[in-house]
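Breakdown of the fold
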Amino acid sequence: MEHQVFVPVPADDLRAVLRDPARVARCVPGLQQDADTDAGPVSGRLKVRVGGSTVTYRGALAVIERDPGHFTFEGEGTEVRGSGTVKFSVDLRLSPAEDGTRLDFTAGATADGRAAAFAPEAAAAAVQRLLDRAADQLSAGSALGDPVAEAEEAEEATAAGPGFVEDDVSEVSASLFDTEVPPPSLDPFLAGGFEELDGAPRPPAEAAHARRTMIGRSAEEVDHAPPRGRYAPVPAPATTTAGDSLRWIAPAAALALASAVVIGRALRRRR
């Protein structure tokens, strides 16, 4: 099968991508790369849709550069759910054209299992669709550049740059942390040079802490404000007076007397 695609990318940029297997792997549409690097950089699972069926293959791909404008892709795969296999070979020729490059594909394959049962027209359409998507990925990959090379260049530029920047940062950091922090002006006893003030002995640490916590509160609040939180006083339980009890005893006694009178009259009528 032969197929032709045009991409608006110079041939030199495409060659740079095709010479890097890791970048070639990113250009294969639908490829799920394996974590095992021993199988090669272009290896993993590839899901192929032919007509109304989908087949997933596990395999590897090798890229061979025949000359600066001629590359060959050779690979094989095995069905993930089945015993069918497929072997293929794709020749790619880069032809410079106006405002881009023409890609000429020549593909051939041998297959058994489920792939052998597909109609030739459906299989050819699936391969052409796969090549078109691969050409688009190849064009996009050449526009993005090589991230590994760019990272290495950035690291080298950082290492070769002027070294006084780090020295300046270290010096500023050292001067910042070595600066002595002055004591708070609200507590004259923390200055270090005062042992006594007006002949009075130095107060204990608890008094100094209490003085610091009362800053910002008025004298009336400090003297008369009740303690809050866990030290707040518990309110005393409410007490009842004798008058409150008598108010309930009189109605209850009247009710009991009226009930006794009614019961007595009822017993007399029965007799």
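Provided above is the structure to which this section pertains.
Quick caveat, the model's predicted, so the values are computed rather than measured. (Residues numbered from 1 in each chain as written. Predicted model: local features only at pLDDT ≥ 70, side-chain atom pairs only at ≥ 80, totals over all residues. Heavy atoms only, no water.)

What to know about the overall build of the protein chain
- Of regular secondary structure, the protein chain possesses eight helices and seven strands.
- A fraction of 44% describes how many contacts in the protein chain between residues 6 or more apart in sequence connect residues 24 or more apart.
- About 19,800 Å² of surface is accessible on the protein chain, with carbon and sulfur atoms providing 57% of the total. (Helix = DSSP H or I, 4+ residues; strand = E, 2+ residues; numbered from the N terminus. Contact = heavy atoms within 4.5 Å. Areas by Shrake-Rupley, 256 points an atom, 1.4 Å probe, with all protein chains shown as cover.)

Let's talk about the pairing of strand β3 (residues 43–50)
- Note: strand β2 (residues 31–33) against β3, three bridges, orientation antiparallel. Across the sheet, the residue bridging to Leu 31 is Leu 46, located in β3.
- With eight bridges joining them, β3 and strand β4 (residues 53–67) adopt antiparallel strand pairing. Within the sheet, the bridge partner assigned to Lys 47 lies in β4 and is Thr 56.
- Connecting β3 to the next strand, β4, in antiparallel fashion are two residues, including Gly 51 with a positive phi near 65 degrees. (Pairing = 2+ DSSP bridges.)

Overview of the nonpolar core
- Grouped together as the largest cluster of nonpolar side chains are 19 residues, with contacts concentrated most on Leu 18 and Leu 103.
- Put simply, the parts of the chain that give this core at least two residues each are β1 (2–7), α1 (11–18), α2 (21–27), β5 (70–79), β6 (85–97), β7 (100–111) and α3 (120–144). (Core = buried A, V, L, I, M, F, W, Y, C linked by side-chain atoms within 4.5 Å. Buried < 20%, exposed > 50% of the residue type's maximum accessible area, 1.4 Å probe, protein only.)

Some details on the pattern of salt bridges
- For the structure shown, the criterion picks out four salt bridges.
- Here Glu 65 makes a salt bridge to Arg 19, at a shortest N to O gap of 3.0 Å. Taken together, the positions of Glu 65 in strand β4 and Arg 19 in the loop between α1 and α2 put the pair 46 residues apart, joining distant regions of the chain.
- The exposure class of Glu 65 is partly exposed, given its relative accessible area of 36%. (Salt bridge = Lys/Arg side-chain N within 4 Å of Asp/Glu carboxyl O.)

Section: the environment of Thr 78
- Within the element layout of this structure, Thr 78 appears in strand β5.
- Exposure remark for Thr 78: the relative accessible area of 36% places this residue in the partly exposed category.
- As a C-alpha pair, Thr 78 and Arg 45 span 33 residues in sequence and 9.5 Å in three-dimensional space.

Concerning unusual backbone geometry
- The phi dihedral of Asp 99 is positive, around 65 degrees, even though this residue is not glycine.
- Within the fold, Asp 99 resides in the loop between β6 and β7.

Points about the layout of surface pockets
- Approximately 1,200 Å³ is the volume attributed to the largest pocket.
- Taken together, 48 residues make up the lining of the largest pocket; nearest its centre are Leu 46, Phe 88, Val 90, Val 127 and Leu 130.
- For the lining of the largest pocket, the elements supplying multiple residues, two or more each, are α2, β3, β4, β5, β6, β7 and α3.
- Here the lining of the largest pocket takes ten residues from α3, the largest share from any one element.
- A breakdown of the residues in the lining of the largest pocket according to their chemical character gives 39 nonpolar, six polar and three charged.
- Sorting the residues of the lining of the second largest pocket by element identifies β3 and β4 as the ones contributing at least two each.
- Here the residues of the lining of the second largest pocket sort into three nonpolar, four polar and five charged. (1 Å grid on protein atoms, 1.4 Å probe; cavity = no way out; pocket = protein on both sides within 12 Å on 5 of 7 lines; lining within 4 Å. Points joined across faces, edges and corners; volume = space filled by probe spheres on them. Nonpolar A, V, L, I, M, F, W, Y, C, P; charged D, E, K, R; others polar.)

A closer look at the sheet that holds β5
- With respect to topology, seven strands assemble into an open sheet ordered β1-β7-β6-β5-β4-β3-β2, the strand pairing being antiparallel. Both edges of this open sheet fall to β1 and β2, since each of them pairs with a single strand only. Direction aside, neighbouring strands of the sheet carry axes that sit 30 degrees apart on average.
- Here α1 sits on the sheet and contacts β1, β4, β5, β6 and β7; the angle it forms with β6, its principal contact strand, is near 150 degrees. (Axes fitted to C-alpha atoms, helices over the stretch in contact; angles between N-to-C directions.)

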